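Per-entry structural report
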Amino acid sequence: MDTLTDLLEGVHARAAIIHRSIMTSPWSLRFAGGAPLTLLTMLDGQGWIIPADGEALAIGPGDIAVVRGPASYTVAEDPATPPRHVITSDYYCAATARTVEKGGAVPDPRTCGVAEGGSAVLLSGAYQGRAGISDRLLDALPDILVITDDERCSPLLTSMAAEVVQDRPGQQAVLDRLLDLMLVTTLRAWFDRSQRHAPVWYRVKDDSVVGTALRLMHGDPAHPWTVESLAAKVGVSRAALARRFTAEVGEPPITYLSHWRIALAADLLRSTDATVGSIAHKVGYSGTFALSVAFKRRLGTTPSQYRITILSP
């Protein structure tokens, strides 16, 4: 079981908000659209991404950043520059629209800013809604990650930059698919580089004892796994599996399995209309009561309350 594929195969951008912004110094943009994930790259110039909490991260030409929402953040020429424009999902290029209404130059498609030239060009792609983005994926990511131009091994950015200024039938579908592919390649590059920050299911070798045990649990979470049955499958003693698994993962096998089951249940509660009872059976619990007890112990709320909360406007 390739867990990264498992987490990303359901991610499908639909009408993603993809624009480029042409800016003149001193520039600073506040992003407050609440998107669960946004990809940012400087096509020209240097910038900083300043989260609501935490340190600013530099982003240069060709670098790709993934920003986890829904908290707002700022992208600026200098961290000390206050935001000049606030960008929301409802009205992405408000300042540009007002300028055009007053007789200003009409920019290229999906372009914010009407200056013929600028000191910086920012390309951004924001997912709308959850778009199949699971809590398990979000939990594996920091608030902001950056892959430098030297680290990325994909021509997708060039394709995205060329497509975004076109005005052709099917453009949104093309941009949505390019955004999905950029997300996959960027996360893979970041996990490869940041092994100490990567989730355990990514950094553990598939053919190792621990990797095999993880693959078994991920592949069939509803199975009534025990340390004994897992050890028999991977060909080591119960004590050896428990010791090696805890050393590499940071918790015992069955504790990890219960946490993974709750994460799966949370995704199913958010993304499907299945009953709590049916979800319980899918993730390895005997029924609604058993899942509710484990779910509340882990997340502090019942499955039903969780579903109501995440579906509330």
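Notes on the structure follow. (Residues numbered from 1 in each chain as written. Predicted model: local features only at pLDDT ≥ 70, side-chain atom pairs only at ≥ 80, totals over all residues. Heavy atoms only, no water.)

Digging into the pattern of salt bridges
This is how the line gets drawn: A side-chain nitrogen of Lys or Arg and a carboxyl oxygen of Asp or Glu constitute a salt bridge if their distance falls within 4 Å. Strands here mean DSSP runs of E at least two residues long; helices mean DSSP runs of H or I at least four residues long; both are numbered from the N terminus. Working definition: with a 1.4 Å probe on protein chains only, accessible area under 20% of the residue-type maximum means buried, over 50% means exposed, and in between means partly exposed.
Summed over the entire model, instances satisfying the criterion amount to four salt bridges. We note a salt bridge from Arg177 to Asp180, for which the minimum N-O separation is 3.0 Å. You can see Arg177 and its partner Asp180 sitting in helix H5 (residues 171-193), three residues apart, about one turn around the helix. Taking relative accessible area as the criterion, Arg177 reaches 38% and is therefore assigned partly exposed. Given a relative accessible area of 10%, Asp180 falls into the buried group. For Arg270, the salt bridge goes to Asp267, with nearest N and O atoms at 3.8 Å. In this pair, Arg270 and Asp267 both sit in helix H10 (residues 253-271), three residues apart, roughly one turn of the helix. Across the pair, exposure class does not vary: Arg270 and Asp267 are buried alike.

Topic: empty space enclosed by the protein
Where we set the bar: Any residue with an atom within 4 Å of a point lines the site, the site being either a cavity, points on a 1 Å grid over the protein atoms alone where a 1.4 Å probe fits but cannot get out, or a pocket, an open set with protein on both sides within 12 Å along at least 5 of 7 lines. Grid points are joined across faces, edges and corners, and a volume is the space filled by probe spheres set on the points. When residues are grouped by polarity, Ala, Val, Leu, Ile, Met, Phe, Trp, Tyr, Cys and Pro land in nonpolar, Asp, Glu, Lys and Arg in charged, and all others, Gly among them, in polar.
A complete count under the given rule lists one cavity of 30 Å³ or more for this structure. One number sums up the size of the largest cavity: a volume of about 70 Å³. Mapped by element, the contributors of at least two residues to the lining of the largest cavity are strand S3 (37-44), strand S10 (120-126) and H5. Of the residues in the lining of the largest cavity, the class split is eight nonpolar, three polar and no charged.

A word on the sheet that holds S3
The line we're drawing: Any two strands between which DSSP finds at least two bridges are classified as paired.
Spatially, S9-S1-S10-S3-S6-S11 is the arrangement adopted by the six strands of the open sheet, whose pairing is mixed. At either end of the open sheet lies a strand with only one pairing partner, and these are strand S9 (111-112) and strand S11 (144-147). As paired elements, S3 and S10 share six bridges and run antiparallel to each other. Residue pairing in the sheet places Leu39 in a bridge with Gly125 of S10.

Things to note about the nonpolar core
For clarity, the cut-off: Put simply, buried Ala, Val, Leu, Ile, Met, Phe, Trp, Tyr and Cys residues joined by side-chain atoms within 4.5 Å make one nonpolar core. Contacts are assigned to residue pairs that have any heavy atoms within 4.5 Å of one another.
Tyr127, Leu183, Leu241, Phe245, Tyr256 and Leu291 are the most contacted members of the largest nonpolar core, which totals 68 residues. The contact partners of Tyr256, leaving out residues within four places of it in the chain, are Val200, Trp201, Leu214, Met217, His218, Phe245, Val249 and Glu251. If you look at the next biggest cluster of nonpolar residues, it comprises 17 residues, including Trp27, Met42, Ala65 and Tyr73.

Concerning the sheet that holds strand S4 (residues 47-51)
Picture the strands of a sheet paired through backbone hydrogen bonds; they go either parallel or antiparallel. What counts, and what does not: To obtain each axis, a line is fitted to C-alpha atoms, and for helices this fit is confined to the stretch in contact; angles are then taken between N-to-C directions over 0 to 180 degrees.
The strand order across the open sheet built from five strands is S5-S4-S7-S2-S8, with neighbouring strands paired in mixed fashion. Strands with a single pairing partner mark the edges of an open sheet, and in this sheet they are strand S5 (57-59) and strand S8 (85-87). Going across the sheet, the axis of each strand differs from the next one's by a mean of 25 degrees, ignoring polarity. Summarising the sheet, S4 and S5 pair through three bridges and their orientation is antiparallel. For Trp48, the partnering residue across the bridge sits in S5 and is Ala58.

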